[in-house]
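Chain residues, written in single-letter form:
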Amino acid sequence: MNSNVPTKQCQYGADCYRVNPVHFREYSHPHIENVLAKASSLKDVKIPDTLNINKSVFEEQLKIVSKLFPSLSSEPNHNPEKKVKIDDNRSSPTPLNMPTASTSNAEPKASSSSTSTSKNSIDALFAERRARMQAAQREKPAPAPAPVQPAPPQSVPEPASNSSNTGISLQQSLPRDINSYFPVVAPRGRMAEKLAAAAPYNFFLTTITASKPTHTEPLSITFQELLDASLGQLESSVQMNFMVDIGWLLAHYFFAGYENVPLLVLYGDETPELKMVSKKKPNVTAVKVDIKTPFGVHHTKMGLYGYRDGSMRIVISTANLYEDDWHNRTQGLWVSPRLPAVPEGSDTNYGESVTDFRANLLAYLEAYKLPQLQPWIARLRKTDFSDIKVCLVASVPGGHVNTPKGPLWGHPRLGHLLAQHAAPIDDTCPLVAQSSSIGSLGPSPESWVLAEIMASFRKDSAPVGIRRQPGFRMIYPSYSNVRQSHDGLLGGGCLPYVRNTHVKQEWLKDYLHQWCSRTRHRNKAMPHIKTYCRWSHRGLYWFLLTSANLSKSAWGVYNKTGRFEKPLRINSYEIGVLFLPKLMLDENFFPMDGNKKHPAFPMPYDVPIVPYAPEDTPFLMDYLTQ
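Per an unreviewed UniProt entry, the chain goes by AGAP010577-PA-like protein and derives from Anopheles sinensis. Checking UniProt for the chain, the heading Sequence similarities (unreviewed entry) contains the comment "Belongs to the tyrosyl-DNA phosphodiesterase family."

Structure representation (structure tokens):
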């Protein structure tokens, strides 16, 4: 029909429910293209009376195809998609129909209803998902009638007799069978048992849809399991993230039986649905976290869960709250033990962890200066954190100087903790960094990585003296890694590193290593996880799981000019947890192979790591336009 339209047809045909422009650039949809071809403009399109999918989804698909292939109709090729800030790289070209991503932290747009530009966007909040479920229901054989049985405690609640006061009614939008909505569903009621078995590390990876071994792996979890009733009866919760597909998130709460439980969402990436959801769902409060600097983003990924018995739980992860990040991407999560309320009349210091986790978390939350967080700050002060053995490592935007207790944020904070608690480390032991994006690092390794990052990350508790500079290694997927992924080149959609940045720091290739995770059945699941660690043949000295990519915006950079500027400048919100063997096991190392005394630390990738071959190149977002 048109030379620009892809020749490969979408396998779902007229049942296709996607609203991601990348999908329509890759696959042809004749039923949409034919409708556009018959109209002189998009305004004149006649929508068929018989549609296989929701009408609002079809209208969105028409807009996308008409913009991608304007010759199909005479509609002007506008591009209303939001542009995300670029870190130290404002002039870099943005690949067509791909997210404009910060080379430090910003992430690709969700392929969900968040791309909708409909004025009445709240009405289409669940439209794509409803279409997806309807398609799944048509493909499933009709079940045989079954006798009605009493609903178990974990069953989905019955629809309310009068839903007019609840705004969006999820019961009207979702099927009662959770298996037709989420691709991987774990058995109910077992998460507390799984968490207990994961001690002492409590470190999980997300399940991978296309890798069946991960569906039953003890250290793999789904988002739904974070809401499992075995962890506690939820009273209220907070979800803090960069990108949030509110329809996907609320569906999880619905199936867990918490549709009307108070939920506070702090997010970085604006969507029409998030702006309007509070009007339709009174129990949901959505607040955009504004950042003054144009290079910063709210990149933190953390959940606070408050239970009816007064206890709490903290979850820190690397995953955005939308479907793709929990589908075929490797993500990491740390799930805290259940944290009871402190006894009435206790001293204010009662219940602090050996790592000062509570004080550091309170300082982090107070940095937001948001009234919506004040009830949670008050609750945290009355929560017992003594069972937590990890350290909090966070970043908040602004200029920072050291406090009497040492640095609070960024890479100096990590260095301070290592100097206090890490066993002496042989200088031949390299730092291994691994992230899903890479910032503008400077024209040479000495510009920032060796001068600042290594100066902090190399620290340990050995007496100060003359030391060799440890080696530096960087795990970042190569083009060949992404090409063989579960989603092909589209698997690189979570890796927003662009050519315009890479050509300014080609020295980095000498430090790059492949993504390999055969042991964890994730070799083809591209990593959105971010980790930093050091190990030798003796064991793992320390391990950091964090939202922070290797970038100045995330970790901070010292100001070297100006008399009145603060010495450390950070642009983004980030948060992570540091595992230190001295504090967790009273040992100098985490075992990497396991022993009779302690389980092996669950590394997310294979060790030893594999360097790039001479012909390898890091995956660049630009490849998705070629």
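> How should I be thinking about the overall build of the chain in this particular structure?
Scanning the chain from terminus to terminus reveals 18 helices and 20 strands. Buried residues in the chain amount to 59% of all 626 residues. Pairs at least 24 apart in sequence give 74% of the contacts found in the chain among residues at least 6 apart. Accessible area for the chain stands at about 26300 Å²; split by element, carbon and sulfur atoms hold 52% of it.

> How should I be thinking about the sheet that holds strand β18 (residues 557–558) in this particular structure?
By way of backbone hydrogen bonds, the strands of a sheet pair with one another, either parallel or antiparallel. Strand order in the open sheet formed by 3 strands is β11-β19-β18, and the pairing between neighbours is antiparallel. Only two strands of the sheet have a single neighbouring strand rather than two, namely β11 (398–400) and β18. Sheet topology places β18 next to strand β19 (residues 568–570); 2 bridges connect them, and they run antiparallel. If you follow Y558 over to β19, its bridge partner there is L568.

> What is the right way to look at the packing of aromatic side chains in this model?
Think of a pair of aromatic rings as described by two things: how far the centres are apart, and how the planes are tilted against each other in angle. This structure, assessed with the given rule, holds 34 aromatic pairs. Judged by centre distance (6.3 Å) and plane angle (90 degrees), the rings of Y364 and Y573 are edge-to-face. Of this pair, Y364 sits in helix α11 (residues 357–366) while Y573 is found in the loop between β19 and β20 (574–579), placing the two residues 209 residues apart along the sequence. The same class applies to Y364 as to Y573, namely buried. Three or more aromatic residues link up through ring pairs in this structure, and these residues are Y201, F203, F543, F579, F590 and F601. Here the basic side chain of R338 rests over the ring of Y307, its NZ or CZ set 5.1 Å away from the ring centre.

> Whenever I open this one, unusual backbone geometry confuses me. Can you help?
Peptide bonds are trans in most cases, and residues, glycine excluded, mostly fall at negative phi. Cis rather than trans, the peptide bond between A199 and P200 has omega equal to 5 degrees. Residue placement: P200 occurs in the loop between α6 (191–197) and β1 (203–206). At the junction of V607 and P608, the peptide bond is cis and its omega measures out at 10 degrees in the coordinates. Along the chain, P608 turns up in the segment after α18 (581–584). Unlike most non-glycine residues, D356 shows phi in positive territory, near 60 degrees.

Calculation criteria
Residues numbered from 1 in each chain as written. Predicted model: local features only at pLDDT ≥ 70, side-chain atom pairs only at ≥ 80, totals over all residues. Heavy atoms only, no water. UniProt positions renumbered as here; feature names shortened; annotations may be inferred. Helix = DSSP H or I, 4+ residues; strand = E, 2+ residues; numbered from the N terminus. Buried < 20%, exposed > 50% of the residue type's maximum accessible area, 1.4 Å probe, protein only. Contact = heavy atoms within 4.5 Å. Areas by Shrake-Rupley, 256 points an atom, 1.4 Å probe, with all protein chains shown as cover. Pairing = 2+ DSSP bridges. Phe/Tyr/Trp six-rings, centres within 6.5 Å; stacked < 30°, edge-to-face > 60°. Lys NZ or Arg CZ within 6 Å of the ring centre and 35° of its normal.

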